[in-house]
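# Tertiary structure, described
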Amino acid sequence: MEPLPFRPLRPYLRERFGREVHRVALDAGSTCPNRDGAKGFGGCVYCDVEGSGTGALRTGAELAEQLERGIARVARRDPDPGVIAYFQSYSNTYVERRRLEEVLGVVEPYLGTRVVCVSVATRPDTLPPEALEVLAKLNERVPVWLELGLEAADDRVLEDIRRFHTVQDFRDAAARAHAAGLEVIGHAILGLPGDGREGARRSARLLAETGVAGVKVHNLMVLRRTQLEHWHREGRVDVLDCETYVDWLADFVERLAPEQVLHRLTGDAPLEERIAPRWDVHKSEVRERLSAELARRGTRQGSRAD
Ligand code: SF4
């Protein structure tokens, strides 16, 4: 079989961990400075009230239960799964050191057995040195990935979507995480208002330049109970159709570094929560369409990297 013209996650995980690895998403019930008033209220314009997460719950016991149930769920499909404990919702390092230690402590019983990696999502401006210390210490025992939201590599766009951090914040956070020995996964959204096709290219260049190990990218989606829902109803914002998204995604992938692993290529919000787009193309089909587009162009991941 022809190798894919980009570097997808699944074969990378198999090669790295020597087994099938599944993500278990966890909600530690944190918050973020865009919601608690430190920087703003109401969140980024596209974020729903569950903080782009699972909507599951929060106390130490509940968190341990989330992980236990998640592991049991994947074990029903796979007799010997490896698990990435994925602290997904909100800004997980936007808490005091003790709380972060408590949250991460839920993986303890599974280290060396089920949990092969811990992935922690946060914002670039909520990464104090104490949090990095805690993550670096855990990283001595199990690989720790830090998932950092860039979303767009343009401060004007970031301001318009009310991210309330800057591109420089992302650069700084990625550099500090790398210095602490952590792997970074950068997030980007294609089709943000005012970002355009050139924005997709700019985000990829920035992610390549900062040397993040992995990249998650998806198309802008308008979810219920978000600011974007109002903007969409007022006709102030539109979303990409599938063909355009794949076209811009090909631009994006061409400008990444060849070794960066693509952890995600599309969003997966359920249709009942999603106002737009209404196209529901399975992620495997997005992968196939991307491969076909790159083949048509005669390019691949990294072809247009600086
Ligand atoms: S996307 Fe992240 S930073 Fe933005 S409001 Fe939601 S939880 Fe906060």
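These numbers come from a predicted model, not from an experiment.

## Some details on the overall build of the chain
- Counting its secondary structure elements, the chain contains ten helices and nine strands.
- Here the C-alpha atoms of the chain give a radius of gyration of 19 Å, agreeing with the 19 Å that 2.2 N^0.38 yields for 306 residues.
- The principal-axis extent of the C-alpha atoms belonging to the chain is close to 50 × 50 × 40 Å.
- Counting only residues that meet the buried cut, the chain has 45% of its 306 residues in that class.
- By sequence separation, contacts in the chain at least 24 residues apart represent 85% of the contacts at least 6 residues apart.

## Some remarks on helix H10 (residues 283-297)
- In this model, H10 (15 residues) spans 21 Å end to end at C-alpha, consistent with the 21 Å of a helix rising 1.5 Å per residue.
- Those residues of H10 that fall on the buried side of the exposure criterion are Val286, Leu290 and Leu294. For H10, the arc enclosing every buried residue in end-on projection is 70°, short of the 170-degree limit, so these residues lie on one face. Exposed residues lying more than 90 degrees from the buried face of H10 are Ser284, Ala295 and Arg296.
- The inward-facing, buried residues of H10 abut helix H9 (242-255).

## What to know about the nonpolar core
- Core analysis: the largest hydrophobic core is formed by 88 residues, its most contacted members being Ala85, Leu190 and Leu249.
- With sequence-adjacent residues up to four places away left out, Ala85 is seen in contact with Val24, Leu26, Leu67, Val107, Val115 and Val118.

## Comments concerning the pairing of strand S4 (residues 144-151)
- Along S4, eight of the eight residues are buried, which leaves the element largely enclosed by surrounding structure.
- Here strand S3 (residues 115-122) runs beside S4; their pairing, made up of five bridges, is parallel. Opposite Ser119, over in S4, you have Trp145 as the bridge partner.
- In the classification by handedness, the crossover that spans S3, the intervening helix H4 (residues 129-139) and the parallel S4 is right-handed.
- As defined by bridge partners, S4 adjoins strand S5 (residues 183-190) across six bridges and the pair is classed as parallel. Considered in S5, the bridge of Leu148 is made with Gly186.

## Topic: helix H6 (residues 167-179)
- When the terminal C-alpha atoms of H6 are compared, their 19 Å separation across 13 residues agrees well with the 18 Å that a helix rising 1.5 Å per residue should span.
- All of the buried residues in H6 are Val167, Asp169, Phe170, Ala173, Ala174 and Ala177. Projected down its long axis, H6 carries its buried residues within an arc of 155°, all on one side. Among the exposed residues of H6, those pointing more than 90 degrees away from its buried face are Gln168 and Ala179.
- Looking at the buried residues of H6, the elements they touch are H4, S4, helix H5 (155-160), S5 and helix H7 (196-209).
- At the exit of H6 stands Gly181, carrying a positive phi of roughly 85°.

## A short note on the sheet that holds S3
- Pairing is parallel in the open sheet, where seven strands are placed in the order S1-S2-S3-S4-S5-S6-S8. Each of the sheet's edge strands pairs with one partner strand only, and the pair in question is strand S1 (21-26) and strand S8 (261-264). Strand after strand, the sheet turns through a mean of 25° between neighbouring axes, direction not considered.
- Sheet strands in contact with helix H2 (residues 60-77) are S1 and strand S2 (82-87), and its direction is about 150° off that of S1.

## Focus on the pairing of S2
- Most of S2 is tucked away: five of the six residues are buried.
- Pairing of S1 with S2 involves six bridges; the strand directions are parallel. Note on S2: the bridge partner recorded for Val21 is Gly82.
- Relative to S3, S2 runs parallel, the two sharing five bridges. Across the sheet, residue Ile84 finds its bridge partner in S3, namely Cys117.

What counts, and where the lines are drawn
All chains use their own residue numbering, which begins from 1 and follows the written sequence. The predicted origin of the model limits local features to residues at a pLDDT of at least 70 and limits the giving and counting of side-chain atom pairs to 80 or more, whereas totals for whole chains, interfaces and linings rest on all residues. Numbering of helices and strands runs from the N terminus; a helix is a DSSP stretch of H or I covering at least four residues, while a strand is a stretch of E covering at least two. Throughout, radius of gyration means the C-alpha value; the globule benchmark is 2.2 Å times the number of residues raised to the power 0.38. Residues with at least 20 other C-beta atoms within 10 Å of their own are called buried, those with 12 or fewer are called exposed, and the rest are partly exposed. The C-beta atoms themselves are positioned from the backbone. Whether two residues are in contact depends on their C-beta atoms, placed from the backbone: they are in contact if these lie within 7 Å. Helix span, as expected, comes to 1.5 Å for every residue beyond the first. To be clear, the arc concerns the directions from the helix axis to the C-beta atoms. What makes a nonpolar core is a set of buried Ala, Val, Leu, Ile, Met, Phe, Trp, Tyr and Cys residues, with links drawn between C-beta atoms within 7 Å. Criterion used throughout: strands pair if DSSP finds at least two bridges between them. Crossover handedness is defined by viewing with both strands directed away from the observer: a clockwise path from the first strand over the helix to the second marks the crossover as right-handed. Angular values range over 0 to 180 degrees, each being the angle between N-to-C directions of two axes fitted as lines to C-alpha atoms, with helices fitted over their stretch in contact.

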